[in-house]
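Residues per chain, in single letters:
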There are 2 protein chains.
Amino acid sequence: MKKRNMCKVFVALSLLLLVNPNYGVSNANADKVSSMPKTHYLAANADNIRWGNIGVGKPVLTVNSGDIVTVEAVTHHSGDDYERMIQGDEGVEDIYHWNETEQNVADRGPGVHIMTGPIAVEGAEPGDVLEVKILDMKLRPNGNEQYAGKTYGANVASRWGYLYGEMIEEPIKREVITIYEMDSAGGTDYAKALYSYKWTPQTDPNGKIHPTMDYPGLIVDPDTIERNNNVLKDVQIPVRLHFGTMSVAPKEADIVNSVPPSYYGGNIDDWRVTEGATMYYPVSVPGALLSIGDPHAGQGDSELNGTAIETSLTGDIQIILHKKASLNNKLSGLNFPLLENENEWVIHGFSYANYLEELGENAQQDIYNKSSIDKAMKDAALKTKAFLMKGMNLTEDEAYSFMSVSTDFGITQVVDANWGIHAVIQKKVFGESERKLVQLRTSFEQFGSVVEWNPATKRVMIRFNGNSLTATIGEKTADFNGERIKLIAPIEMIDNQAQVSEYFVSFYKAKLSKTE
Amino acid sequence: MKKRNMCKVFVALSLLLLVNPNYGVSNANADKVSSMPKTHYLAANADNIRWGNIGVGKPVLTVNSGDIVTVEAVTHHSGDDYERMIQGDEGVEDIYHWNETEQNVADRGPGVHIMTGPIAVEGAEPGDVLEVKILDMKLRPNGNEQYAGKTYGANVASRWGYLYGEMIEEPIKREVITIYEMDSAGGTDYAKALYSYKWTPQTDPNGKIHPTMDYPGLIVDPDTIERNNNVLKDVQIPVRLHFGTMSVAPKEADIVNSVPPSYYGGNIDDWRVTEGATMYYPVSVPGALLSIGDPHAGQGDSELNGTAIETSLTGDIQIILHKKASLNNKLSGLNFPLLENENEWVIHGFSYANYLEELGENAQQDIYNKSSIDKAMKDAALKTKAFLMKGMNLTEDEAYSFMSVSTDFGITQVVDANWGIHAVIQKKVFGESERKLVQLRTSFEQFGSVVEWNPATKRVMIRFNGNSLTATIGEKTADFNGERIKLIAPIEMIDNQAQVSEYFVSFYKAKLSKTE
């Protein structure tokens, strides 16, 4: 096409945009703003976290259903490289601050994770279901100018790792830390190992010596370790940002170890708990009490050596309360953490579906010696069958055949005391009943968005609440407020209409609702 | 572009093709034909199969390394719907033929699968490795004119299923068969359930009554069952064609149950054993003795209810012998069935790495009560660590960290006596050292292919041995001898050169070598 012709097309398009009332700023937008969810910012600092446990306690934030929270989550492995993961970062320094006279967070345990929260949800009661949509997830840039633009993470072959004591090289029982480096801005989609070192006995500020990594938040003295800079050369680990631990409070105890996952969520360590995913949790206590931590930059199904690439992340989440009386067949009676994304439902099974109840008084200790993948598989299989019967309206025989011929069972983790198996159900197998396509324009205009469409470039721009999403039909990436993002699904052109799934609409409606 | 202009371009291109010597038929092609591998056809019939076992015995075919075999594999569940899975198909009728006076294959067991083979490989000796490239896999059209164009498969919720006896509806212990229908030509990529029925006692031609599905090849009398035609409506099960069972002969016994998989392969039931994949098996007996069976059209990781969509398939495989002395680091000392495809290495672990040796004299019976996923996971984890150390030259600490942050462990099956866990290693994580890109033209010309390139359409045509592959840069499907196929990877355009992986070259070289 000649340049002159292209110009003519653009003029024509511009005119089209002007004369078509749908392309103008609609008044509907202003009307709806009053019902806009509130956006909160929850920084990670010594006041806003609990270290090593979840449960009932004073909330650090209270939200209404529909509100959006930008939440900072800090890794409990920051001490593995003070210079790269603590130094110069005010919030992380605050959490980790510990000298002979002061320990900002002295109350650590019985688990290990730094949990931001809890967040109380107005009106949440036992029997309700809490939905958490993960709208955005970003690496936390490190605070040390010397390493500007980089984020670091630690992977620890720990004493709770699956092959601890079964190594072939001496010492058979060893803890080895590998520090990984990433581009904070996400310019690369992989992590590279920077160096590794064997754990050596570390002395804490109280003078106690730790021969193994037996206390959360120990800061490794670089003079005591030997760095191996020749590690995993040329290997590029795919980045899978996710929250390892996201949880509502259990009903069985007020202070619950953050390590074993269970019916209330917790340390599921499924890398699918990422941007674009939605988690559903059964509410067990008034206010639900959501907390978030254990951020990961990369993990395989099984988390074999005990940890992922443990790093710090900041996420945007939308919190939606579903009252018991309004629950649909999938959520009614929900008794495990359920994941949904654009293409899948994921069922989480554990060695013990509710270990706190099943193992009694000493559950929080006993669970460490009782887990098996066999038990977790049985739990996952039975939960999946029940979910297909209730949620997808299948008979028992239909559900069982369906699972055998199309459901993939994987090992979530074998290192978190209560081991996990997940079952992945593809929505597309059910066609429109699970992945329903709707017209993009009407769906987004319905809540007051302005939708613009340029047929020449096949680009759609959706504007709402000061935010904009610009995407081209069929493409996997898009532009959100000027930043390149990965779409949860490409926009499809069907019957000459731009179409997306209902999940897509609900997800980007939430993302566009955030007030900066 | 106006039509006239398009014509000009085509004329110019045609001239280009004529004057460029690389576009003509090269003499190199003719020279190489003499070393062309032989192509064999191995039909499934009563003479060419063993029913229910693998092992040492008279080969039905002997091949040289590099030869290609078109092999028919017939499902042992054909009797679940005689009309749709046996009737009118000469080979299947021959295998199943059984009346009061005659049983064509009377020797069935101790396992269940119809195994085509064994195929002996000239020169194969213990310590060698047998490579099997799966070049093509197609549904076997059913032989009944009434159902022309369709292929059927049976999924059986069997008494060896994972939840047998743990159902909530009565009867708690039941076997239920679901018949699935597929388009034989692959026009659709899904299977649809047609009807289901509960197993009822079946009387075999000898008058023996079978209250459960306890003997392979029973033909269900349609008058004894009640069909439920209202089953899994609107559900479309993704088709994943694969050989459930492919095996070399073990050294421990001459007749080995086909059900438990082990170091020699066998009933691995990994749906990744499909077109585009390569399997490597340790050779244990002279001639290797490869057999193929248990074809599947769809299965989830775990094969939960005991079976997949059991159907009949025909595949093209290339068989390559690697002598012990020539083995590289990945294959040297190989003691498990290893899978490679364009993007992955897949390690197969089992509850018992070699159950025949580990469980002793009664291994073939005892294995049914000894399996656990926990054991299989330990085996898979240790094998994966060893593979990464030896094959990828990682230290033990590097391998362990690598596995935790990037290797996905999944449940292959929990129903085949010796349960399985697989570990998926992404090649891309290692960059060029595992997925090496090479120039398409020189790589294919090197063995005598003629490569034509049309810059206007970005289409490449590769011709060899009377076969042709035509593919467009960046596209996932291609044309092979006029038939649309899925490519194992799109051809990439890098530095103005069409590039593909070494694996791609090796795979399509083999596919193009087949003589029709």
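Looking up chain A in an unreviewed UniProt entry gives the name Acetamidase/formamidase family protein, with the organism given as Paenibacillus gallinarum.

*Asks:* Outline the packing of aromatic side chains, supporting the account with residue identities and numerical values.
*Replies:* Enumeration over the complete set of coordinates arrives at 28 aromatic pairs over all chains. Chaining the aromatic ring pairs together yields one cluster made of Phe444, Phe447, Phe464, Phe504, Phe507 and Tyr508 of chain A. Above the face of the Tyr152 of chain A ring, Arg84 of chain A is positioned so that its terminal group lies 5.4 Å from the ring centre. The positively charged end of Arg108 of chain B is found above the aromatic ring belonging to Trp51 of chain B, 4.0 Å away from the centroid.

*Asks:* Provide a residue-level description of the side chain of Lys133 of chain B, including the pertinent values.
*Replies:* Residues and elements named next belong to chain B. Here Lys133 shows up in strand β7 (residues 129–139). Under the relative-accessibility criterion, Lys133 is labelled buried at 3%. A polar contact of 2.9 Å, which involves the side chain of Lys133, links it to the side chain of Ser506. Excluding residues that lie within four positions of it along the chain, Lys133 makes contacts with Ala277, Thr278, Asp316, Ile317, Gln318, Ser506, Phe507 and Ala510.

*Asks:* Quick one: what's the story with the interface of chain B and chain A, residue by residue and with numbers?
*Replies:* Taken together, the contacts link 68 residues of chain B with 68 residues of chain A. Interface area for chain B against chain A, summed over the two sides, is near 5,400 Å², with a carbon-plus-sulfur share of 58%. For the chain B face of the interface with chain A, the top three residues by lost area are Tyr400, Ser404 and Val405 of chain B, together amounting to 13%. Applying the counting rule to chain B against chain A returns 8 salt bridges. One salt bridge in this structure joins Asp397 of chain B and Arg174 of chain A, with 2.9 Å as the shortest N-O distance.

*Asks:* An account of the sheet that holds strand β25 (residues 437–439) of chain B is requested, with residue identities and associated values reported.
*Replies:* All names here are of chain B. Within the open sheet, the 3 strands sit side by side as β25-β32-β31. Their pairing is antiparallel. Pairing within the sheet leaves two strands with one partner each, and these edge strands are β25 and β31 (492–494). The mean angle between the axes of side-by-side strands here comes to 50 degrees, regardless of whether they run parallel or antiparallel. In this structure, β31 lies alongside strand β32 (residues 497–501), joined through 3 bridges in antiparallel fashion. Residue pairing in the sheet places Glu492 in a bridge with Gln499 of β32. Against the sheet, helix α10 (residues 502–513) contacts β25 and β32, and its axis sits at roughly 80 degrees relative to β32.

*Asks:* Explain the packing of helix α7 (residues 373–391) of chain A against helix α8 (residues 396–406) of chain A to me, and be specific about the residues and the numbers.
*Replies:* Residue and element names in this part refer to chain A. Look at α7 against α8: their axes get within 9 Å of each other, and the N-to-C directions meet at 125 degrees. Judged on the interaxial angle alone, α8 and α7 are oblique. In this structure, α7 meets α8 at a crossing whose hand is right-handed. Residues Ala381, Thr384, Lys385, Leu388 and Met389 of α7 form the contact with α8, whose own contacting residues are Glu396, Ala399, Phe402 and Met403. Here the residues of the contact of α7 with α8 sort into 6 nonpolar, 1 polar and 2 charged.

*Asks:* Can you lay out the UniProt feature "domain: Copper amine oxidase-like N-terminal" (unreviewed entry) in chain A for me, pointing to particular residues and giving the numbers?
*Replies:* On the UniProt side, "domain: Copper amine oxidase-like N-terminal" (unreviewed entry) is annotated at positions that read residues 427–506 of chain A here. Helix makes up 14% of residues 427–506 of chain A and strand 45%, whereas the separation of the span's terminal C-alpha atoms amounts to 16 Å.

*Asks:* An account of unusual backbone geometry is needed here, citing residue identities and associated values.
*Replies:* Here the amide bond leading from Gly109 of chain A into Pro110 of chain A is cis, since omega sits at 0 degrees, within 30 degrees of zero. You can see Pro110 of chain A is positioned in the loop between α4 (90–96) and β6 (114–121). In this structure, the amide linkage connecting Glu170 of chain A to the following residue, Pro171 of chain A, adopts the cis form with an omega of -10 degrees. Counting through the fold element by element, Pro171 of chain A comes out in the loop between β8 (150–157) and β9 (176–183). The backbone phi angle of Ala288 of chain A is positive, close to 70 degrees, even though this residue is not glycine. Of note, Ala288 of chain A is situated in the loop between β17 (278–282) and β18 (290–298). Even without a glycine there, the phi angle at Asp495 of chain B is positive, about 50 degrees. Structurally, Asp495 of chain B can be placed in the loop between β31 and β32.

*Asks:* Just give me the short version of the relation of the copies chain B and chain A, but keep the residues and values in it.
*Replies:* Superposing chain B onto chain A takes a rotation of 180 degrees plus a shift of 0.0 Å along the axis, which leaves an RMSD of 0.0 Å. What the superposition gives is, in effect, a two-fold axis relating one chain to the other. Across chain B, the smallest distance between a C-alpha and the rotation axis is recorded for Gly410 of chain B, namely 2.0 Å. A symmetric contact is evident, with 100% of the interface residues of chain B recurring at the interface of chain A.

How each quantity is defined
- Residues numbered from 1 in each chain as written.
- Chains lettered and ligands numbered in written order.
- Predicted model: local features only at pLDDT ≥ 70, side-chain atom pairs only at ≥ 80, totals over all residues.
- Heavy atoms only, no water.
- Phe/Tyr/Trp six-rings, centres within 6.5 Å; stacked < 30°, edge-to-face > 60°.
- Lys NZ or Arg CZ within 6 Å of the ring centre and 35° of its normal.
- Helix = DSSP H or I, 4+ residues; strand = E, 2+ residues; numbered from the N terminus.
- Buried < 20%, exposed > 50% of the residue type's maximum accessible area, 1.4 Å probe, protein only.
- Polar contact = N/O pair within 3.5 Å; in protein donor to acceptor, adjacent residues only side chain to side chain.
- Contact = heavy atoms within 4.5 Å.
- Buried area = accessible area lost by both parts, 1.4 Å probe.
- Salt bridge = Lys/Arg side-chain N within 4 Å of Asp/Glu carboxyl O.
- Pairing = 2+ DSSP bridges.
- Axes fitted to C-alpha atoms, helices over the stretch in contact; angles between N-to-C directions.
- Parallel < 35°, antiparallel > 145°, perpendicular 65-115°, else oblique.
- Left-handed = near helix turned anticlockwise from the far one by under 90°.
- Nonpolar A, V, L, I, M, F, W, Y, C, P; charged D, E, K, R; others polar.
- UniProt positions renumbered as here; feature names shortened; annotations may be inferred.
- Least-squares fit on C-alpha atoms with pLDDT ≥ 70 in both.

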